[in-house]
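# Examining the three-dimensional arrangement
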Amino acid sequence: MFQHLNSLNPSSTAVILGLAVVILLAAYRTLGASTRGKPRLPPGPAPELLLGHYRLVPEDAAFKQYAEWAKEYKSDVLFFHTFGTKWVVLNSLSAATELLEKRGSNYADRPRFVMFEEMGWSPTLTWLRWGPKYHSHRKVLQPPFTKTRVHQYTALQRKEALRCCQGMIDNPDDWLNSARQFAVAVVLKISYGLDVDGPNSPWIQLADDTANAIGKSGAPASSIMDRFPATRYLPRWLPFMERLRYARTWRSAIENLTKLPFEAALKTMASGTNSPSFVHSRMGIWNDNAHKGLPNDFGLDDIKGAAATIVIAGNDTTAASLMLLVLYLMQNPDAQRKAQREVDGVVGKTRLPAWDDIPNLPYTNLILQETYRMNPLSPLGIPHASVADDVYNGMFIPKGTIVYPNIWAMCHDEAVYADPFRFWPDRYRPKEEGGNGEPLPVGNFGFGRRICIGRNLAENSLLIVLATMLASVDIDWPQGPDGKPTPFEPEWSFRGQAIVLPFKASITSRSVESKVLLDEEVQGCRGE
Ligand code: HEM
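Only a predicted model underlies this, so the values are computations on that prediction, with no experimental measurement involved. (Residues numbered from 1 in each chain as written. Predicted model: local features only at pLDDT ≥ 70, side-chain atom pairs only at ≥ 80, totals over all residues. Heavy atoms only, no water.)

### A look at the nonpolar core
- The biggest cluster of nonpolar side chains holds 137 residues, and the ones touching the most others in it are Trp175, Tyr192, Leu322, Val326 and Met469.
- The element best represented in this core is helix 12 (residues 300-331), accounting for 17 residues.
- In contact with Met469, not counting residues within four places along its chain, are Cys165, Met168, Leu322, Leu325, Val326, Leu329 and Ile475.
- Grouped together as the second largest cluster of nonpolar side chains are 17 residues, Leu99, Tyr392, Met395 and Ile397 included. (Core = buried A, V, L, I, M, F, W, Y, C linked by side-chain atoms within 4.5 Å. Buried < 20%, exposed > 50% of the residue type's maximum accessible area, 1.4 Å probe, protein only. Helix = DSSP H or I, 4+ residues; strand = E, 2+ residues; numbered from the N terminus. Contact = heavy atoms within 4.5 Å.)

Below, the structure is given as structure tokens:
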């Protein structure tokens, strides 16, 4: 019946909205009943009648508002509810560590992501609820990306880092495309064994569409459909159904990314031209079982969904982090020069950085850590959900509560990080070495049982591309009309992920010699 609502006229819609009010009242009573006789709920701003906190939490940069409220209500844990959905926000590392890590088994669930269902996702580890399906996906997806096994990809990552830097120098106006190419080439090869031939590869556009679809879709599980699933059937034209319109607009991007590379990988398998990949190894197991008449617990839809997860979760996060690295190096020329001196000292000028050099580049490593801290890409993480009632510091957290770690608040906590908005990689060094002895940021890759499976892969990608950039390019503000470097304020999007929007930069070769080296190395990698 609900599917027909889009064709209903406004008066019929009013009746349905009336019914919704009745449901809301019932939801309110249920919340009251589930908390009666229990310790107090965590504090938070006063809810509005019927709507709860729905209108109080901003869609844009909610993490900043949550951090403000944490100060105002003097509590690192805050409670919110709307339409029967309850959520808490953890604004300190100690609360996140205690609940999501130490009591991890109680917070390993996810809420239902109704908006993402509307976007057409197939079974995907990231959104799966805690249970057998989740376990089978994590069991299949985690092993290839452990700290030791991830080294199988380092040659690929280095090759793509070289191609990325060459592309940035050869097409400086289009440097962003080289960054995107780098990110997608690594995960597309790992997942499907497919190559990204060059800057015009259709896979870059496909991955970029998906990144757009996710990056601005709002904090996960925060749309009106997630809070009150029946609203997904309301007409799209209603003003407050903006997120439904967004989901439908971008649905084809998610569907294409799940379908097209998978089909291309199957073709290479059929023609015997495939290179090793996640899909090929899983399809090998699937075919073997099918031939032997054995059951396939990990079905075709699971393989498709898991393969797409690697690309979707690993592409835009890496590309967005690389954009941040370029931005911070451009904004902080002293840090850039210092890191270049470090790379020159360790690597010399007759070759480009190799894997073995990375552990000998401490300052370069700290630049990446400081980039993580300055702008966590998922400022509110990906929400977990509680499995059973819990009490934390005398505050009641009911079963089924959605839990957002406010990673942005943790990374900008003045009690931990002096001058938290300053880019200062040395802050992590001991005081006697001129630093401030501050702890490395935690939380960018999440917490506990749901921690990001791709963190080792992502970190390796970013370190090798950073070291290669430092060795081969100079990054500066773009030239203004007078031909001089002209600083500007970049634009950001804080809807969903926290990302810097495309910006111009001047990226030039450090020297004739470094460009010759780079071209030779890229040439040497051809056919690998
Ligand atoms: C800079 C790059 C990346 C960042 C900042 C990042 C961040 C995150 C965060 C915050 C989570 C949520 C963890 C939680 O719920 O506590 C997550 C989960 C996940 N990430 Fe990443 N990620 C990155 C790269 C990757 C890559 C390269 C892959 C694929 C190989 C990947 C695959 C996943 C998957 C599958 C999950 C879901 C895990 C689960 O629910 O059990 N990520 N990531």
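### Digging into the packing of aromatic side chains
- Under the defined criterion, the tally for this structure stands at 21 aromatic pairs.
- Residues Phe63 and Trp408 carry aromatic rings whose centres are separated by 5.3 Å and whose planes lie at 55° to one another, so their mutual orientation is tilted. With a gap of 345 residues between them, Phe63 in helix 2 (residues 62-72) and Trp408 in helix 15 (residues 407-411) connect regions that are remote in the sequence. Comparing Phe63 with Trp408 shows no difference in burial state: the two are buried.
- Plain terms: the ring middles of Phe83 and Phe228 are 5.3 Å apart, the flat faces sit at 40° to each other, and that makes the pair tilted. Taken together, the positions of Phe83 in the loop between strand 1 (77-82) and strand 2 (85-90) and Phe228 in the loop between helix 9 (224-227) and helix 10 (242-271) put the pair 145 residues apart, joining distant regions of the chain. With respect to burial, Phe83 and Phe228 carry one shared label: buried.
- Over the ring of Tyr417 we find Arg373, and its NZ or CZ is 5.1 Å from the ring centre.
- Above the ring of Trp424, the side-chain terminus of Arg422 is found at 4.6 Å from the ring centroid. (Phe/Tyr/Trp six-rings, centres within 6.5 Å; stacked < 30°, edge-to-face > 60°. Lys NZ or Arg CZ within 6 Å of the ring centre and 35° of its normal.)

### What about the sheet that holds strand 1?
- The four strands lie next to each other as 1-2-6-3, forming an open sheet whose pairing is mixed. Unpaired on one side and paired on the other, strand 1 and strand 3 (384-385) mark the two borders of the sheet.
- Examined bridge by bridge, strand 1 and strand 2 share six bridges and lie antiparallel to one another. Within strand 2, the residue paired with Leu78 across the bridge is Val89.
- Across the sheet, helix 2 touches strand 1 and strand 2, and the angle it forms with strand 1 is around 120°.
- With respect to the sheet, helix 3 (residues 93-102) is in contact with strand 1, strand 2, strand 3 and strand 6 (402-405), its orientation differing from that of strand 2 by roughly 125°. (Pairing = 2+ DSSP bridges. Axes fitted to C-alpha atoms, helices over the stretch in contact; angles between N-to-C directions.)

### Digging into the site of the ligand
- Of all residues adjacent to the ligand, which total 24 residues, the nearest are Arg110, Tyr134, Arg138, His384 and Cys452.
- Measuring from an oxygen atom of the ligand, one finds a backbone N or O atom of Ile382 at 3.4 Å.
- The set of elements that each furnish at least two residues to the shell around the ligand consists of helix 5 (132-141), helix 12 and helix 16 (455-472).
- By residue number, the principal contributor to the shell around the ligand is helix 12, which donates six residues.
- A class-by-class count of the residues in the shell around the ligand yields 12 nonpolar, nine polar and three charged. (Near = heavy atom within 4 Å. Polar contact = N/O pair within 3.5 Å; in protein donor to acceptor, adjacent residues only side chain to side chain. Nonpolar A, V, L, I, M, F, W, Y, C, P; charged D, E, K, R; others polar.)

### Some remarks on the UniProt feature "binding site: heme" (unreviewed entry) in the chain
- The UniProt entry lists Cys452 under the feature "binding site: heme" (unreviewed entry), expressed in the numbering used here.
- Following the sequence through the fold, Cys452 ends up in the loop between helix 15 and helix 16.
- With relative accessibility at 28%, the residue Cys452 sits in the partly exposed group. (UniProt positions renumbered as here; feature names shortened; annotations may be inferred.)

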